[in-house]
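Fold and geometry: a report
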Amino acid sequence: MAAKLILSMDGLVLKEIPLTKERTTIGRKPHNDIQIDNLAISGEHSVIVTILNDSFLEDLNSTNGTYVNGQPIKKHFLQNNDVVELGKYKLKYINETPTQTTAADFEKTMVLRPDLMKKTAEQTAAKSSSMSDTQVGMKAIDTHAGMAPPAQATPPATAPAPQAMPTGAIQILTGANAGKELELTKNLTTLGKPGVQVAVITRRPHGYFITHVEGANFPVVNGTALDAHPRELKDHDVIELAGIKMEFFLKS
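Below, the structure is looked at part by part. (Residues numbered from 1 in each chain as written. Predicted model: local features only at pLDDT ≥ 70, side-chain atom pairs only at ≥ 80, totals over all residues. Heavy atoms only, no water.)

On to the side chain of asparagine 95. Along the polypeptide, asparagine 95 turns up in the loop between β11 (89–94) and α1 (103–107). There is a polar contact of 3.0 Å between the side chain of asparagine 95 and the side chain of tyrosine 93. (Helix = DSSP H or I, 4+ residues; strand = E, 2+ residues; numbered from the N terminus. Polar contact = N/O pair within 3.5 Å; in protein donor to acceptor, adjacent residues only side chain to side chain.)

This is the structure in structure tokens:
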């Protein structure tokens, strides 16, 4: 069942809004997906990005701020029964689909260390233990750890398995991690620098897609800036994100 928002004011339910789009905007202006015609709401107040079963709320530098469960937020991973407060209005987030992602997974940032790349632990133990955040300059969050499909038993020789989609990977081209690789084996991999520029790469049955999540500037693919919609990645696409260049490729 798709996640949804329940809009209310002073305890009176006004409407239910299913989160069927990857990007749902909230604000006072009529072009927003959820229009709230109130002077306390900015023209473009906030946005909810929904990827697979997960939704991320971002305040768009609104005048009066966006609150979740009474706390001001800039960026928030929504969980079932969270209450988003915009002035006198409330949006209750309902998502009864089980997910292995937790708020802690999203709020923390895992440094993109070499041991997360295509290197053996023995080769990189010394490097990763001494590497600091300032040396890395590139962070990644895997918000669907454990979501990869289970390995299938080897079929008999008389019944070969169907051709699986090649595994995607990115290779860092610039910065302290230049030359390192990260295999995109998770359903959802978040890349970038929180608070600066963040994008997600989703693994779907028919390919890999990149979507802008956070930041005033959109990521660039092959010299062209993305828009608000997901873009399918092709073999050897060059991505520019948070000051880092990286190449997407499919492993044979």
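Among the seven residues of strand β23 (residues 244–250), five are classified as buried, and the element is accordingly described as predominantly covered. Direction of pairing for strand β14 (residues 168–172) relative to β23: antiparallel, over a ladder of five bridges. Bridging from a neighbouring strand, isoleucine 172 pairs with methionine 246 of β23. Counted along the chain from strand β22 (residues 238–241) to the antiparallel partner β23, the turn is two residues long, and its residue alanine 242 has a positive phi close to 55 degrees. (Buried < 20%, exposed > 50% of the residue type's maximum accessible area, 1.4 Å probe, protein only. Pairing = 2+ DSSP bridges.)

Turning to the environment of isoleucine 36, a few remarks are in order. Assignment of secondary structure puts isoleucine 36 in the loop between β4 (34–35) and β5 (46–51). A relative accessible area of 2% means that isoleucine 36 is categorised as buried. Sequence separation between isoleucine 36 and glycine 87 is 51 residues, and the spatial gap between their C-alpha atoms is 10.0 Å. Residues in contact with isoleucine 36, not counting those within four places in the same chain, are Leu7, Ile26, Gly27, Arg28, Ile41, Leu86 and Tyr89. (Contact = heavy atoms within 4.5 Å.)

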